[in-house]
Each structure stands twice: as structure tokens, then as C-alpha cells.
Amino acid sequence: MPDNIIFVKHGDKYDPEHVNRLRDQLREYYPYAQYFCYTDNPLNVEIECIPCFEKPALKFWWNKLAMFSKDFPLEGKCLYFDLDMDIKEDPSSFIKWNGLTILNAYWKKDMYMAPHAYDVSINSSIITWVAGEQDHIWEKFMSNRDYYMRKYAGIDRFLVHEKIKFNTFENGLVNSIANPINIPTPIDMYNGISYEL
Amino acid sequence: MNYKEVLYENALQAIDEIYKRSQYDPDEDLYRSFDIINSVNKNQIASKEWLIENLVPFLHDDIKKVCVMGGWYGLSALMLAQHTNVPIDSVDYDPETKRIGKLLTRGYDNIQLITEDAADWFFHKPKRYQLIVNTSCEHIDQIDLDLMVAMKREDTIICFQSNNYHSIQSHINTHNSLDEFVDSLKLTEVLFKEEMKAPSGQYDRYMVIGK
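I will try to describe carefully the structure that is included in this document.

## Quick word on the sheet that holds strand 5 (residues 85-87) of chain A
All names here are of chain A. Pairing is mixed across the open sheet formed by three strands, whose spatial order is 5-10-9. Each of the sheet's edge strands pairs with one partner strand only, and the pair in question is strand 5 and strand 9 (174-176). Strand-to-strand twist across the sheet, computed as the mean angle between neighbouring axes with direction ignored, equals 20°.

So this is what it looks like as C-alpha cells:
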């Protein structure tokens, strides 16, 4: 069971209601976890907020990497969710803590990926790790962050192509709405597609 | 050949070397060649020419040492070196910029390429320079810009550029107008300020020269 369930909300792509709703959905299965939102704007967020680091200021999804910093003020098992998820059933049988663990992007399995496009077949919409044990990811990013932000369109590509060690959850944890898996899954994910609350 | 032709020739050579190495080394970074191309694209050249045109009148005799912060592959330093022989330190924390920058700026003994976080570099020697150039303030935390202005010598001239290109991931400190940018720096004296539309038409670039 997770000690901490974390969301990241930066900018105005998502509303506080996305955070509050996801908290409500997950609380049914994880009533004893603590819920946190790492955000630049805590207004109307109903769970404890961790303010985004003042330095370096980061935009969009790059803020997710700050969760791995040794300065991120949490301890214990962490479970992260992107805000465009819909929790339909208990996902616990799929959730494990084994180093850094992320999703296998089953929908990209047969996609052509030119090496210099840096596309990847993993997805960091759900992540597990133990707080403080993945600081090397943050350190690696910080060592040349502007270059990495130019080179990679997102953190998934950064993780794979900078050779960060990770594991993946078993298939069946999520269903990508844009690319249905056609088996029952506990979680629907929208991959940035707009959806109604 | 003029310096710009030499620059392009050197940039092509750097890209050529990357391609050749990539044929045998799976770890060769092909994106680096795209990054070199971007560093000398028409937006970069135009913004630096604009900088030089307006900064040269302030290159007087009591400027003994220049610091270019976030100097990338050394384009700003190279263009400044067309107008001054004083030492120019071009500081960038990307370790590859030194190796490639040496190629792009070869022949200019007064340019020193330094691998270091530009803000940290400056904070350890805030009185060393009489001119500080930073053409990428949109990448720099505001807290660091505030400290630079506060820690520099009173008579040190700063020439800073930023922009309103908000959509770029690494642009963490953009502004909505020239005046907003100038006001954010809290300078004691503004010697020059102007804005320019990027050749691509995608954004406005702001520049301020002051103390």
C-alpha cells in the first residue's frame, strides 16, 4: 500500500476539480494513504499542497521530475497519477514498488520510431518509487536541464534515452481511451485528450 | 571570407564530425547537430546582430573584461569579438558547448569558453566584469537575475535579452512586454531598451542595456 499518493498540477491545463475528483476516486481503495498535490497554485485544491520549487522554475510535465529529488519533502512509498485518469476499480493488484516503475505503453508497441525522434514505448502517467531513492534522476536532469528540455518532448523520452533504470507495471492496469486495450482494466487514461469531469 | 561565412563553415564541420562519429558510435548524440543548426539560425543571428548594433556604442575603454552568460556555442562572444579585443568569457553549463564552441570560435584568442552554471560562476566573482551579456534571460530563474543585478559593480553595464515566447518548455521566465521585462530587473539606470519581432514572426524579443 502506498504511503503517499501524489498529483502534479502546474499551469492551467487542469483544474483543482481534477485533483479533488481523483483523490475521491482513489480514497475508496487507499483510505490510509496521504494525498499531496505538487503545484504552483493551491487555490481550491482540497488536499495538502507542496509548492513547486522556486528554483529551478520548471514548466508543464518537467515538474514531475522534482518528485524524485531528495529535497521533495516526503518519506516512504510513493504512487503518482497524471490528472487525466479515471479510476474505475481497485488497481492494487498491479501496483508494485520495485525501483522506479512506470507504464508500458502497449499502444506504441508496433509504432515505427526513428532513433533520432527519441519516441518511446513507456509512459509515466502512473509511477511508483520510494521517496529519496531516485534522486539520481533529478540530478541527471539538473546537470543539463535546458539541453534535455530542448532534446526531449517529455520526461518519458528523457528517462529512456538517458538510460535511467526502470521497471514496468504488468499490462492490464490502464486502458488508453485513444487506443483501447479491449480487456477490463481498473483505470482509463486519456493521454491529454480533453474529457469531461 | 567574413566571420559569418567562417562561422557557418565551422558549424558545418561540427555537424559533419557528429554524423561521421554516429556511424560507429551508438552513443553519439545526433540531436546535437540539430542544436548547432538552431544556434546559428536566422533568429539567433538577427537577435545577436541587433545586440551588437546597439551595444557597440557602450564598448568604451574602461570595459576590460566581458562575461556572456549562457553563451551556448559562443555566437554572442564571436560577434562581440568583431568589435573588441578584451577578454570575453562565454559561460554555459552544458559541457558539450565548450568543445563545439571552440570549433565555432577558433581563431579568436580573446574568447574563453567555460563550462559552469553561469549564475554560480558570476556569483563567485561578481566584480570581475565591466560588461555582462545575457541573451537568454527567459531561461534564467528570476531570483538569479535579481542577484546578478544586485551583486555586480555599480558601473558594470548589463545587456540582457528576453522574450514573450511562452510556449517553449525551457522558457521559464518570459515576459509580456518590454517594459515588464525592464521593470523586473530593477536597474538604477536604463541606457537603452527596445523590442524586435523575431524573423520567424513567432515572438517578440526584448533588450535592455543599463546599470
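## Digging into the pairing of strand 1 (residues 4-9) of chain A
Residues and elements named next belong to chain A. Among the six residues in strand 1, six count as buried, and that is most of the element. Bridge count for strand 1 against strand 4 (residues 77-81) is three bridges, and the pairing is parallel. Looking at the pairing, Ile-6 lines up with Tyr-80 of strand 4. On the question of chirality, the crossover connecting strand 1 to the parallel strand 2 (residues 34-39) by way of helix 1 (residues 16-27) is right-handed.

## Focus: the environment of Pro16(A)
Residues and elements named next belong to chain A. Along the chain, the position of Pro-16 falls in helix 1. Considered as a pair, Pro-16 and Asp-90 are 74 residues apart in the sequence and their alpha carbons are 23 Å apart. If we skip the residues at most four places from it in the chain, Pro-16 touches Leu-43, Asn-44 and Val-45.

## Considering helix 1 of chain A
Residue and element names in this part refer to chain A. A rise of 1.5 Å per residue sets the reference length of helix 1, with its 12 residues, at 16 Å; its end C-alpha atoms lie 16 Å apart and thus fit the reference within 8%. For helix 1, the set of buried residues is His-18, Val-19, Leu-22, Arg-23 and Leu-26. Along helix 1, the residues classed as buried sweep out an arc of 130° about the axis, all on the same side.

## Quick look at the interface of chain B and chain A
In this assembly, 12 residues from chain B lie in contact with 15 residues from chain A. Along the lines of polarity and charge, the residues of the side of chain B that touches chain A split into five nonpolar, four polar and three charged.

## A word on the environment of Gln169(B)
Relative to the helices and strands, Gln169(B) resides in the loop between strand 5 (157-163) and helix 8 (178-185). Between the C-alpha atoms of Gln169(B) and Thr105(B), which are 64 residues apart in sequence, the distance is 28 Å. If we ignore the near neighbours within four places in the chain, the residues touching Gln169(B) are Lys59(A), Phe60(A), Trp62(A) and Met149(A).

Cut-offs used in this document
Residues numbered from 1 in each chain as written. Chains lettered and ligands numbered in written order. Predicted model: local features only at pLDDT ≥ 70, side-chain atom pairs only at ≥ 80, totals over all residues. Pairing = 2+ DSSP bridges. Helix = DSSP H or I, 4+ residues; strand = E, 2+ residues; numbered from the N terminus. Axes fitted to C-alpha atoms, helices over the stretch in contact; angles between N-to-C directions. Buried ≥ 20, exposed ≤ 12 C-beta atoms within 10 Å, placed from the backbone. Right-handed = clockwise from strand over helix to strand, strands pointing away. Contact = placed C-beta atoms within 7 Å. Expected span 1.5 Å × (residues − 1). Arc of directions from axis to C-beta. Nonpolar A, V, L, I, M, F, W, Y, C, P; charged D, E, K, R; others polar.

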